[in-house]
Amino acid sequence: MAIKKTNGNGNGIIANLLKQNEAVSVGLAALLLIFLVFARPNFLDQVNIESLQTSIAPYGIMAIGMMVLLISGVFDLSVGSTMGLGGLVSAISLTQGASPLLAIMAGILSGVVIGLINGVIVEVARVNALIATIGTMYIGRGISEIVLVGRGYAGYTNFPESFNNLGRGQFLNAYYMFWILLILVVVFQLVLRYTKFGRQLYYIGGNYESAENLGINARRARIIAFILSGVLAAFAGVLVTARAGIANRYTGVGAHMDVIIACIIGGGSLIGGQGSIVGAFSGMVFMVLMSNAFNLYAIPPQWQNILVGFILLVVITVDGYVSLTKQKRLGKF
Amino acid sequence: MTDQAIPAPSTVSRKKKFNLGSLTIIVITLGLFILLTFTSDTFFTYRNIYSILYGVSFQFLAVIGFTYLMIIGEIDLSVGSVYAFSGMFMGYLMVMQKVPLLPAMGLSLLACIVMGAITGFLIVRFKLNSMMVTIATMTLIRGLASNFVKRMYGATYPTIMRRLSKIEIGDVFLTIVVMVVLVVALEVLLKRSSIFKRMYGVGENRLTARIYGIKSDRIIIALFALSALTAGIGGILISSRVSYADTAIGLGLEFHLLTAAVLGGASLYGGKGSMLGSCVGLIFLATILNGMVIFNIEPLLQQLIVGIILIAAVFMDTRLNKYE
């Protein structure tokens, strides 16, 4: 199958790079990183670096799943509640006496189930993805709350050391979860770029009907994408639970918005057909670095929303302007 | 000229769908009312029904603009943030800057209208996806609102502002009267007035609407401004009722309104929806919660049930429209 270039008919490597959708977020993240390294000496403190890793990793893992969905033209608002549920399922399995490995598998399995349900509702029952995943978001949260009835703020605690080690252990001075994230980014980037399945997702996101007419099983591909997103969200929940040693009702509340915003800054679009995993990763890195910068400069956190919203607005508008002029040049208007 | 340009056949087919949408939710809500009346002594009392309506009347204001936007095929996820912003901004002006009631209210609503108009302008001018843009404005406006919260240090709003939501006409709270009057007026306008009917045209097919001479861009910008305005009015009133700047105001309201509007027959693809349907949708959601409290069912189950109902309703709708 021919490999479709996401962008670009210009010459020169730099010009081509700038035309990639993820250029903005990579650039923003890199600038912010360089700025923080030089302007704030305490940025490179071990405590800060560690907290950066543990906040980027779970959200970055979720952003990968979200980006896969965005590319295929749908999205998933239930990731936050899936994250909470995944952590809860593994925590409950542990208290029921399951081995850590089994508990992790159980948590991931809950993600498979939710992803499959999402996929079937959207692709078989043909319910709009926004409605379907708001619905499963409510359902997931409802289940979490019911499971946690009678348990206080803390929810489930006291997990075996070997389970907590998943979230707290380090390898070569970086957390396991950060390594996992990096591996997943590379794997998914390659899958999207060079495999048949990955290229099909771009076609489906670009034009669902014509993708089906080309003989692509769009329905199956999107269901798989939903399952991937569910699995990654649930796994992120397991990691957070292992890291904090707590599974409560607050895990992942509002996470869906952060993840979607990171993906849009990273070049994704709710319309589908564009975006990359590197973009999702750099978008998330940018978001986390920015909230870190706010902490380091002791700026009240409410300014962060203003800035994030503003940047998002600029990114969306510029992207719209660019594609509008491109279409005008091609004579579509 | 444009009045005659609306073709008659599309009006007929549209009416059929539209009636079906709002009728379903009315029947379901009536069924729920009857069920609760027969199974509980406390449900069908004046006080209980009154309190349900009072609670809904604030959200209803916000759902007006939201429903119109859904009819023309756009969506405004920033309603919850505007809902929080308007009251907090007004409260901030009154508490910290000592601005009198009416100028503070005027400034706050003006700010809402401007934000809505900017949102609409960006969407129309750059042909942007309204969901993406309003996710951005939602974050931005929420940030502005929480800025005012922090600056007020938990102060209570002045008495004169707190009294707004308690204004009564006869023996009934003004907000309920406004809700009833607006539902009737707007529903009649949507069905009878050619200006309002154009919205369905824009929602069904923007290109056709343009060919028939409907200036859809202007309508869209105006409706985004209206959505921010109605959400702003609702927000000022709810702030007046809550009496201090509570950060939880309006959180998740956009999805609540979306659920209500969709239950009331609106579609994410535009061209469908009604004011009565959205209003009954809100009443339905409030009644479910009310019934759960009466029966001492874990109120947390509400989310679960609302989620299932939402998916089921849209699924039914998709099926029905397919066979039409």
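Visitor: Hey, could you run me through the overall build of chain B in this one?
Guide: Each helix and strand counted, chain B has 14 helices and two strands in total. Against the 2.2 N^0.38 benchmark of 20 Å for 324 residues, chain B shows a C-alpha radius of gyration of 20 Å, consistent with a compact globule. Referenced to the eigenvectors of the C-alpha coordinate spread, the extents of chain B come out at roughly 55 × 50 × 35 Å. Out of the 324 residues belonging to chain B, those deemed buried represent 55%. Sequence separation of at least 24 residues holds for 81% of the intrachain contacts in chain B that already meet a minimum separation of 6. Accessible surface, chain B as shown: approximately 14,000 Å² in total, 68% of it carbon and sulfur. Separation between the mean location of the 26 positive side-chain charges and that of the 14 negative ones in chain B comes to 7 Å.

Visitor: What am I meant to see in the nonpolar core here?
Guide: Where a protein is soluble and globular, its nonpolar side chains tend to be buried together. Residue and element names in this part refer to chain B. Counting residues in hydrophobic clusters, the biggest one holds 209 residues, and the most contacted among them are Tyr 68 and Met 88. The biggest single contributor to this core is helix H3 (residues 46-71), with 16 residues. Once residues within four sequence positions are removed from consideration, Met 88 is found in contact with Ala 145, Phe 148, Val 149, Met 152, Tyr 157, Ser 239, Ala 245, Asp 246, Thr 247 and Ile 249.

Visitor: What is the right way to read a nonpolar patch on the surface from this model?
Guide: On the surface, a nonpolar cluster with roughly 450 Å² of combined accessible area is contributed by Phe 310, Val 314, Val 318, Tyr 321 and Val 322 of chain A. In this fold, Val 322 of chain A is placed in helix H14 (residues 302-329).

Visitor: Just checking my understanding: could you explain the confidence of the model for chain A for this structure?
Guide: The predicted coordinates should not be examined in detail at positions where pLDDT is low. Per-residue confidence for chain A gives a mean pLDDT of 87; residues scoring 70 or more make up 93%. Across residues 1-10 of chain A the pLDDT falls below 50, and counting only partners more than four positions away or on other chains, this stretch makes 22 contacts in the model.

Visitor: How do you make sense of the packing of aromatic side chains when you look at a structure like this?
Guide: For any pair of aromatic rings, the description rests on two quantities: the centre-to-centre distance and the angle between the ring planes. All names here are of chain B. Under the defined criterion, the tally for this structure stands at 14 aromatic pairs over all chains. For the pair Tyr 68 and Phe 196, a centre-to-centre distance of 5.8 Å together with 50° between the ring planes defines the contact as tilted. Residue Tyr 68 is located in helix H3, and its partner Phe 196 is located in helix H9 (residues 194-204); the two are separated by 128 residues in the primary sequence. Phe 196 gets classed as buried once you look at its relative accessible area, which sits at 19%.

Visitor: Mind showing me how you'd approach the packing of helix H3 (residues 46-71) of chain A against helix H12 (residues 255-265) of chain A here?
Guide: A pair of packed helices can be characterised by two numbers: the angle between their axes and the separation between those axes. All names here are of chain A. One way to put it is that H3 packs onto H12 with a least axis distance of 9 Å and a crossing angle of 65°. Viewed along their axes, H3 and H12 adopt a mutual orientation that is roughly perpendicular. Between H3 and H12 lies a crossing whose hand is right-handed. Facing H3, whose interface residues are Tyr 59, Met 62, Ala 63, Met 66, Met 67 and Leu 70, H12 presents Ala 255, His 256, Asp 258, Val 259, Ile 260 and Cys 263. For the contact of H3 with H12, the residue count by class is 10 nonpolar, one polar and one charged.

Criteria and cut-off values
- Residues numbered from 1 in each chain as written.
- Chains lettered and ligands numbered in written order.
- Predicted model: local features only at pLDDT ≥ 70, side-chain atom pairs only at ≥ 80, totals over all residues.
- Heavy atoms only, no water.
- Helix = DSSP H or I, 4+ residues; strand = E, 2+ residues; numbered from the N terminus.
- Rg over C-alpha atoms; globule rule 2.2 N^0.38 Å.
- Buried < 20%, exposed > 50% of the residue type's maximum accessible area, 1.4 Å probe, protein only.
- Contact = heavy atoms within 4.5 Å.
- Areas by Shrake-Rupley, 256 points an atom, 1.4 Å probe, with all protein chains shown as cover.
- Lys, Arg positive; Asp, Glu negative; His and termini not counted.
- Charge placed at Lys NZ, Arg CZ, Asp CG, Glu CD.
- Core = buried A, V, L, I, M, F, W, Y, C linked by side-chain atoms within 4.5 Å.
- Patch = residues over 30% accessible without salt bridge, like charges linked within 9 Å, V, L, I, M, F, W, Y side chains within 5 Å.
- Salt bridge = Lys/Arg side-chain N within 4 Å of Asp/Glu carboxyl O.
- pLDDT = per-residue confidence, 0-100.
- Phe/Tyr/Trp six-rings, centres within 6.5 Å; stacked < 30°, edge-to-face > 60°.
- Axes fitted to C-alpha atoms, helices over the stretch in contact; angles between N-to-C directions.
- Parallel < 35°, antiparallel > 145°, perpendicular 65-115°, else oblique.
- Left-handed = near helix turned anticlockwise from the far one by under 90°.
- Nonpolar A, V, L, I, M, F, W, Y, C, P; charged D, E, K, R; others polar.

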